[in-house]
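Results of the structural survey
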Amino acid sequence: MRGVTTLILAATVLVVTACPGASGDADIQEFIEACLASSNLPPPICECSARKAREELSPEAFAFLVATLRGDDRRTEELRGQLDIAEAMEAGTFMVRVPAECAGELGGGG
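Okay, so let's go over this structure. (Residues numbered from 1 in each chain as written. Predicted model: local features only at pLDDT ≥ 70, side-chain atom pairs only at ≥ 80, totals over all residues. Heavy atoms only, no water.)

Describing the environment of proline 44
- Tracing the backbone through its elements, the reader meets proline 44 in helix H3 (residues 43–56).
- Take proline 44: its relative accessible area is 30%, and that puts it in the partly exposed class.
- Put simply, proline 44 and proline 99 are 55 residues apart on the chain and 9.7 Å apart in space, counted from C-alpha to C-alpha. (Helix = DSSP H or I, 4+ residues; strand = E, 2+ residues; numbered from the N terminus. Buried < 20%, exposed > 50% of the residue type's maximum accessible area, 1.4 Å probe, protein only.)

See below:
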């Protein structure tokens with residue numbers, strides 16, 4: 001259990017430190033905008049990632065991920081308290097694994 005907690009924290013720190021931003025309610029367009037602003041990913045990868053996030057993550061985990069991408073520390077901290085361990089793990093590792101999946105699906109990155 002301790003290893004899972006450490007992994008969640010490490011993944012969350014990785015995502016938070018890699019991504020600047022703002023605040024607000026999370027929807028797919030906001031995810032795409034945050035993704036484009038906080039990464040070097042092309043629009044098709046951010047769009048694919050947004051769709052997958054909406055499908056795979058709980059509403060709270062989706063909002064957490066958008067807040068993280070935006071660098072909204074206050075909202076991220078607020079939402080972190082609402083996530084169970086599985087949701088935190090999925091959100092914390094999402095941007096590590098899904099853009100690569102999308103690149104593969106889109107034939108190398110769009």
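Description of the packing of H3 against helix H6 (residues 85–105)
- Direction vectors running N to C along H3 and H6 enclose 130°, while the axes themselves pass 9 Å from each other. Put simply, H3 runs oblique to H6. Considering how the two elements wind past one another, H3 and H6 form a crossing that is right-handed. Contacts between H3 and H6 involve Ile45, Cys48, Ser49, Lys52, Ala53 and Glu56 from the first element and Glu90, Phe94, Arg97, Val98, Pro99, Glu101, Cys102, Ala103 and Glu105 from the second.
- For the contact of H3 with H6, the per-class residue count stands at 8 nonpolar, 1 polar and 6 charged. (Axes fitted to C-alpha atoms, helices over the stretch in contact; angles between N-to-C directions. Parallel < 35°, antiparallel > 145°, perpendicular 65-115°, else oblique. Left-handed = near helix turned anticlockwise from the far one by under 90°. Contact = heavy atoms within 4.5 Å. Nonpolar A, V, L, I, M, F, W, Y, C, P; charged D, E, K, R; others polar.)

So, H3
- With 14 residues, H3 extends 20 Å from end C-alpha to end C-alpha; this agrees with the ideal 20 Å at 1.5 Å per step.
- What H3 keeps buried is the set Ile45, Cys46, Cys48, Ser49, Ala50, Lys52 and Ala53.
- Contacts made by the buried residues of H3 are with helix H2 (28–38), helix H4 (59–70) and H6. (Expected span 1.5 Å × (residues − 1).)

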